[in-house]
Amino acid sequence: MTDTDTYDVLVIGGGPAGLSAALNLGRSLMRVLVVDADRPRNAATLNSHGFLTRDGVAPHELRRMARDELAAYPNIEVRTRVRVLELRRSAPTADAGADARTGSGTDSGTDAGFTASVGRKDPTDVVTARSVLLATGLRETLPDVPNLRGFYGISLFSCAACDAWELRGRRLALMGETPDLADRARLISRWTESLTVFTLGADTVTAAEEAELASTGVAVLRHPIAELVGDRGRIEAIRLTDGTVVTVEGGFVRPEWQTDVSFLHGFAPAIDHDGHLVTDRSGRTDIPGLYAAGDAAIPGPQQLIVAAGAGARVASVMVHDAVGIATAH
């Protein structure tokens, strides 16, 4: 175990939210550490879309360019392929209310910040930070569909806003087991006149929803999927357990998502029923000094540009909070 390093902000997660926040925090003279396990949820995606000036860039390339930009700032450190194994709240100290930039003390007895163990496994480095930004994204669980991984990120996707343009006008599938499946079908039908919904044997589309979808030309099939048919990631058909075969040329999957806070020790921020960290409008959680940005905290479009914007916004709030400037909740 090494000597403890001290930072103004620890950013956990090196995706667009975390890297954008780090850039803006660093430019505000914060000493920043970014810890990134380097296992992004969109690793299977060949190209990402909707990011102005970077439409079509590979996700790993976008992250590489961002890390290269951060390297120009001596007060920003990025550690990759390691993770925060444990995060604890530090005990209060007499100067814990110090300005995060100048170190000048204020109120005694204020929360002193956080202590984190960083590494792959023991032994680990120990770092402290006055505040922490959770930009960990979401953990994704795909439906239990045979050979789904062979097509995911190539011809089957999870984000309509990100990938539906490339599939427009084709015969598409939507697979899932969640209660919002009918709503997702209504959305995806903007890009195609040939959409089939597969409920995988789950009772997630009501009879009324099925009738409404049928009136717009969207079919609902309820038998489980036996096999996805295609070659080199390009899906061509879906075979059901009852023998039905449906020709498709692409489609979408509705995963389930969870926020991973298993590394938090002795405290837990609020999480809503959809699995997102609950924050105020400025990205503050209900734990003093703990903030969240990106997919982990934003219900809505899970797009890179949205996450990057959220990271920049929360960074500004963290700087304001550090010097005692009030910002709107």
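In this text, all values refer to a predicted model and were calculated from it rather than measured experimentally.

Details of the environment of Asp-203
Line of reasoning, step 1. Assignment of secondary structure puts Asp-203 in the loop between strand 10 (194-198) and helix 5 (207-215).
Line of reasoning, step 2. Of the residues examined, Asp-203 reaches a relative accessible area of 71% and is grouped as exposed.
Line of reasoning, step 3. Taking the C-alpha atoms as reference points, Asp-203 and Arg-222, 19 residues apart in sequence, are found 7.9 Å from one another.

Quick notes on the nonpolar core
Line of reasoning, step 1. Counting 24 residues, the largest nonpolar core has Leu-10, Ile-12, Val-84, Leu-87, Val-132 and Leu-134 as its most contacted members.
Line of reasoning, step 2. At the level of elements, strand 1 (5-12), strand 2 (32-36), strand 4 (83-89), strand 5 (114-119), strand 6 (125-134) and strand 18 (290-292) are the ones that each hand at least two residues to this core.
Line of reasoning, step 3. Beyond its immediate stretch of four places on either side in the chain, Leu-134 contacts Ile-12, Phe-263, Leu-277, Leu-290, Tyr-291, Ala-292 and Ala-293.
Line of reasoning, step 4. Counting residues in hydrophobic clusters, the runner-up holds 23 residues, among them Ala-17, Ala-310, Val-314 and Ala-315.

Describing the pattern of salt bridges
Line of reasoning, step 1. In the structure shown here, the tally under the stated rule is 21 salt bridges.
Line of reasoning, step 2. A salt bridge links Arg-79 to Glu-77, with the nearest nitrogen and oxygen atoms 2.8 Å apart.
Line of reasoning, step 3. Taking relative accessible area as the criterion, Arg-79 reaches 13% and is therefore assigned buried.
Line of reasoning, step 4. The closest approach of N and O atoms between Arg-79 and Asp-125, which form a salt bridge, is 3.3 Å. Of the two residues, Arg-79 is situated in strand 3 (residues 76-80) and Asp-125 in strand 6; the sequence distance between them amounts to 46 residues.

Some words on the sheet that holds strand 12 (residues 225-231)
Line of reasoning, step 1. One open sheet accounts for three strands, arranged 12-13-14; its pairing is antiparallel. Each edge of the sheet is formed by a strand with only one pairing partner; in this case those strands are strand 12 and strand 14 (245-247). Each strand of the sheet is rotated relative to its neighbour by a mean of 25°, with strand direction disregarded.
Line of reasoning, step 2. Judged from the six bridges that link them, strand 12 and strand 13 (residues 234-240) form a sheet pairing that is antiparallel.

Examining the confidence of the model for the chain
Line of reasoning, step 1. Averaged over all residues, the pLDDT of the chain is 87; the fraction at 70 or higher stands at 88%.
Line of reasoning, step 2. Residue range residues 93-110 is modelled with pLDDT below 50. Its contacts to residues more than four positions away, or to other chains, number 30 contacts.

Looking at the sheet that holds strand 15 (residues 250-253)
Line of reasoning, step 1. Strand order in the open sheet formed by five strands is 8-15-9-10-11, with parallel pairing between adjacent strands. Two strands in the sheet have a free side with no partner beyond their single neighbour: strand 8 (156-157) and strand 11 (219-221).
Line of reasoning, step 2. The pairing of strand 8 with strand 15 spans two bridges and is classified as parallel. Within strand 15, the position partnered with Leu-156 by the bridge is Gly-251.

Some remarks on the packing of helix 1 (residues 16-26) against helix 2 (residues 59-70)
Line of reasoning, step 1. Where helix 1 meets helix 2, the axes come as close as 10 Å, and the angle between the chain directions of the two elements is 15°. As the angle between them shows, helix 1 and helix 2 are arranged roughly parallel. For the crossing formed where helix 1 meets helix 2, the hand is left-handed. On helix 2, the residues touching Leu-19, Ala-22 and Leu-23 of helix 1 are Arg-63, Ala-66, Arg-67 and Leu-70.
Line of reasoning, step 2. Its residues assigned to classes, the contact of helix 1 with helix 2 shows five nonpolar, no polar and two charged.

Some points on the packing of aromatic side chains
Line of reasoning, step 1. The tally for this structure, following the rule as stated, stands at two aromatic pairs.
Line of reasoning, step 2. Centre to centre, the rings of Phe-114 and Phe-267 are 6.0 Å apart; their planes meet at 50°, and the pair counts as tilted. You can see Phe-114 sitting in strand 5 and its partner Phe-267 sitting in the loop between strand 17 (264-265) and strand 18, a full 153 residues away along the chain. The burial state of Phe-114 is the same as that of Phe-267; both residues are buried.
Line of reasoning, step 3. Between the aromatic rings of Phe-157 and Phe-252, the centroid separation amounts to 6.4 Å while the plane-to-plane angle is 50°, which identifies the pairing as tilted. On the criterion of sequence distance, the pair formed by Phe-157 in strand 8 and Phe-252 in strand 15 is long-range, its members being 95 residues apart.
Line of reasoning, step 4. In this structure Phe-157 comes out as buried when scored by relative accessible area, which is 9%.
Line of reasoning, step 5. Directly above the ring of Tyr-7 sits Arg-31, whose terminal nitrogen or CZ lies 4.2 Å from the centroid.
Line of reasoning, step 6. Its guanidinium or amino end placed over the ring of Trp-165, Arg-168 lies 3.8 Å from that ring's centre, counting from NZ or CZ.

Quick notes on the side chain of Thr-204
Line of reasoning, step 1. Structurally, Thr-204 can be placed in the loop between strand 10 and helix 5.
Line of reasoning, step 2. Beyond its immediate chain neighbours, meaning those up to four positions away, Thr-204 contacts Gly-176, Glu-177, Thr-178, Pro-179, Leu-181, Thr-199 and Glu-209.

Describing the pairing of strand 6
Line of reasoning, step 1. Burial runs high along strand 6: eight of the 10 residues are buried.
Line of reasoning, step 2. Of the pairings in the sheet, the one linking strand 5 to strand 6 comprises five bridges and is antiparallel in character. Note on strand 6: the bridge partner recorded for Ser-117 is Val-126.
Line of reasoning, step 3. Direction of pairing for strand 6 relative to strand 18: parallel, over a ladder of three bridges. Its bridge partner being in strand 18, Leu-133 is matched across the sheet by Tyr-291.

Scoring rules and cut-offs
Throughout, residues of each chain are indexed from 1 in the direction in which the sequence is written. Predicted model: local features are reported for residues with pLDDT of at least 70 only, side-chain atom pairs are reported and counted for 80 or more only, and whole-chain, interface and lining totals are derived from all residues. Based on all heavy atoms of the structure, the side-chain values leave hydrogens and waters out of the count. Strands are runs of DSSP state E lasting at least 2 residues, helices are runs of H or I lasting at least 4, and numbering of each runs from the N terminus. For every residue, the accessible area obtained with a 1.4 Å probe (protein chains only) is divided by the maximum for its type, and the residue is called buried under 20%, exposed over 50%, and partly exposed between those limits. Only buried Ala, Val, Leu, Ile, Met, Phe, Trp, Tyr and Cys residues count toward a nonpolar core, and they belong to the same one when joined by side-chain atoms within 4.5 Å. We call two residues in contact when some of their heavy atoms are within 4.5 Å. Each reported salt bridge corresponds to a side-chain nitrogen of Lys or Arg within 4 Å of a carboxyl oxygen of Asp or Glu. Here, a strand pair is defined by DSSP locating no fewer than two bridges between the strands. Helix axes are fitted only over the stretch in contact, all axes being lines through C-alpha atoms; the angle between N-to-C directions runs from 0 to 180 degrees. Within a predicted model, pLDDT stands for the predictor's per-residue confidence, ranging from 0 to 100. Relative orientations are named as follows: roughly parallel for angles under 35 degrees, roughly antiparallel for angles over 145 degrees, roughly perpendicular for angles from 65 to 115 degrees, and oblique for any other angle. Should the near helix be turned anticlockwise from the far one by less than a right angle, the crossing is left-handed, and should it be turned clockwise, the crossing is right-handed. Note on residue categories: nonpolar means Ala, Val, Leu, Ile, Met, Phe, Trp, Tyr, Cys or Pro, charged means Asp, Glu, Lys or Arg, and polar means any other residue, Gly included. For Phe, Tyr and Trp, rings pair up if their centres lie within 6.5 Å, where Trp contributes its six-membered ring, and each pair is then called stacked (planes under 30 degrees apart), edge-to-face (over 60) or tilted (otherwise). Counting as a charge over the ring demands two things of the Lys NZ or Arg CZ atom: a distance within 6 Å of the ring centre and an angle within 35 degrees of the ring normal.

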